[in-house]
Amino acid sequence: MADPKKLFIKTYGCQMNVYDSERMAEVLGAEGYEQTQAMEEADMILLNTCHIREKAAEKVYSELGRLRPLKDEKPDLKIGVAGCVAQAEGEEIMRRQPLVDLVVGPQAYHRLPSLLAKTGTGQSALDTDFPEEDKFDHMPARPKATARPTAFLTVQEGCDKFCAFCVVPYTRGAEVSRPASRVLREAQNLVDRGVREITLLGQNVNAYHGHEKGLAGLIWALAKIDGLDRIRFTTSHPNDMDDALIDAFGTCDKLMPYLHLPVQSGSDRILKAMNRKHTADIYLRLIERIRTARPDLLLSGDFIVGFPGETDQDFEDTMSLVREVHYGQAYSFKYSPRPGTPAAEKAAVDDSVAQDRLHQLQALLSEQQYQTQASMVGRTVKVLFEKTGRQEGQLIGKSDYLHAVHVNAPTTDIGTIQTVQIVENATNSLAGQLA
Ligand code: 5AD
Ligand code: SF4
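Not measured: the values here are computed from a predicted model. (Residues numbered from 1 in each chain as written. Chains lettered and ligands numbered in written order. Predicted model: local features only at pLDDT ≥ 70, side-chain atom pairs only at ≥ 80, totals over all residues. Heavy atoms only, no water.)

Peer 1: Explain the site of ligand 2 to me, and be specific about the residues and the numbers.
Peer 2: By nearness alone, every residue bordering ligand 2 is listed as Cys159, Lys161, Phe162, Cys163, Phe165, Cys166, Val168, Pro169, His237 and Arg276. Looking at the shell around ligand 2 residue by residue, the classes come out as seven nonpolar, one polar and two charged. (Near = heavy atom within 4 Å. Nonpolar A, V, L, I, M, F, W, Y, C, P; charged D, E, K, R; others polar.)

Peer 1: Summarise the packing of aromatic side chains; cite the residues concerned and give the values.
Peer 2: Considering all chains together, one arrives at six aromatic pairs under this definition. Between Phe162 and Tyr170, the ring centres sit 5.6 Å apart and the planes meet at 75°, which makes this aromatic pair edge-to-face. Look at Tyr170 and you get partly exposed, because its relative accessible area is 38%. Ring centres of Phe165 and Phe307 lie 6.4 Å apart, and the angle between their planes is 85°; this geometry places the pair in the edge-to-face category. Linking Phe165 in the loop between β8 (156-157) and α5 (168-171) with Phe307 in the loop between β13 (298-305) and α11 (312-325), this pair joins segments that are 142 residues apart in sequence. Like Phe165, the residue Phe307 is buried in the burial classification. Over the aromatic face of Phe333 sits the side chain of Arg53, whose NZ or CZ is 3.6 Å from the ring centroid. The ring of Phe136 is capped by Arg178, whose NZ or CZ atom sits 3.7 Å from the centre of that ring. (Phe/Tyr/Trp six-rings, centres within 6.5 Å; stacked < 30°, edge-to-face > 60°. Buried < 20%, exposed > 50% of the residue type's maximum accessible area, 1.4 Å probe, protein only. Helix = DSSP H or I, 4+ residues; strand = E, 2+ residues; numbered from the N terminus. Lys NZ or Arg CZ within 6 Å of the ring centre and 35° of its normal.)

Peer 1: Describe in detail the sheet that holds strand β7 (residues 150-154), supporting the description with residues and values.
Peer 2: Paired through backbone hydrogen bonds, the strands of a sheet run either parallel or antiparallel to each other. In spatial order, the strands read β7-β10-β11; together these three strands make up an open sheet with parallel pairing. Pairing within the sheet leaves two strands with one partner each, and these edge strands are β7 and β11 (230-234). Pairs of neighbouring strands in the sheet enclose a mean axial angle of 25°, with direction left out of account. Judged from the five bridges that link them, β7 and strand β10 (residues 197-201) form a sheet pairing that is parallel. For Thr150, the partnering residue across the bridge sits in β10 and is Glu197. Helix α1 (residues 15-29) rests against β7, β10 and β11 of the sheet, and its axis sits at about 95° to β7. (Pairing = 2+ DSSP bridges. Axes fitted to C-alpha atoms, helices over the stretch in contact; angles between N-to-C directions. Contact = heavy atoms within 4.5 Å.)

Peer 1: Mind laying out the sheet that holds strand β3 (residues 44-49), listing which residues take part and the relevant values?
Peer 2: Sheet architecture is open: six strands sit in the order β2-β1-β3-β4-β5-β6, paired in parallel fashion. Only two strands of the sheet have a single neighbouring strand rather than two, namely β2 (33-35) and β6 (126-127). The pairing of strand β1 (residues 5-11) with β3 spans five bridges and is classified as parallel. Along β3, the bridge assignment pairs Lys10 with Leu47. Each of β1, β2, β3 and β4 (78-82) is contacted by α1, which is oriented at about 155° to β3, the strand it contacts most. Along the sheet face, helix α3 (residues 83-96) touches β3, β4, β5 (102-104) and β6 and points at about 140° away from the line of β5.

Structure below.
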């Protein structure tokens, strides 16, 4: 048998891209490609790109430029661009960067084998369609590859919300949910390989409708799988948090007490301009209800500062919402105009003002994150061990609240859930001892 060809994938952006990269590797595995971590030895390099924020396309072009010497050295090397930049800029990429052999959008990667066959034949190896068929039905069953205790599972893709700043509805298309039966099959398959925690992914995952009872229905069905101990989901829109889902936080033991629920801004004026379709108050009342169902829930969020038209008062409203909610963890970004989105037409906030607001907000969010971590010291939590740590004898895992925890424990504990006493708050993780 010929030596397997080597595939190197570089993944940018969100967890869904991480999942997509795994699935693309599986599709290409069936074509004789084996993954490598060393770019220099690759026969094929795939960049799985992200378009959500600033300079995404430019980063892809400069990365491609850096691949030129590799291609010169090995003319058979295939270079592909996948993901959301591929979707948004496919033709342009092919035109501007002739060393690219193929371009594949996020909804078309099950067609990688036929695209691959087109490379080098003079035919265009570009596919940015939104095909009718479900790509997941046209991919190899998930092979029994290396077992890891945690996995991502995409259950929903695309978004119909059209927030004024966001490219997702354009790059990922309309909301589509995978039928619950297929998700359950894939989950069972993952559990058979040793996975104990699954994070359900979707751009707007709580709008999932592949189960008659929505995302909560899917979670309850997954909770019946023996050996699956932890369920998480991300990312959600406040308007799609239905009663059943809120209730599940209080009643489903396997649903972890962590919720990423972006609000983006605390100003009603800006929320309206963002087309978020909710007010700050609606969000705050929602948080109250979720915390009533699960008082120890760790809340995470996303924020944008410097959205067109944002005044000092609007920004203050965001700061006061953050003070009121108290986030355990959060991401904050300076607004960047995305081509083709409605907000991109509007006049920008002065960059130094936006930068200053970002610093203020990040300082507040870091303080809250630190306090949340500090409040774990002395507590006993459950940790699912995932891998060895940097120091000899150390394992790293995640608590129910998604904090990274390091503990001295034998490697045989990888893949097990143990009770751990938190003893110290280190910057990026917590130190614990087996209880
Ligand atoms: N500018 C800045 N941040 C953005 N996000 C999405 N689009 C933009 C943009 N144009 C942020 C939002 C979203 C997160 C994934 O990325 O906060 O929730
Ligand atoms: Fe983008 Fe999220 Fe808004 Fe959808 S809900 S448009 S993915 S920010």
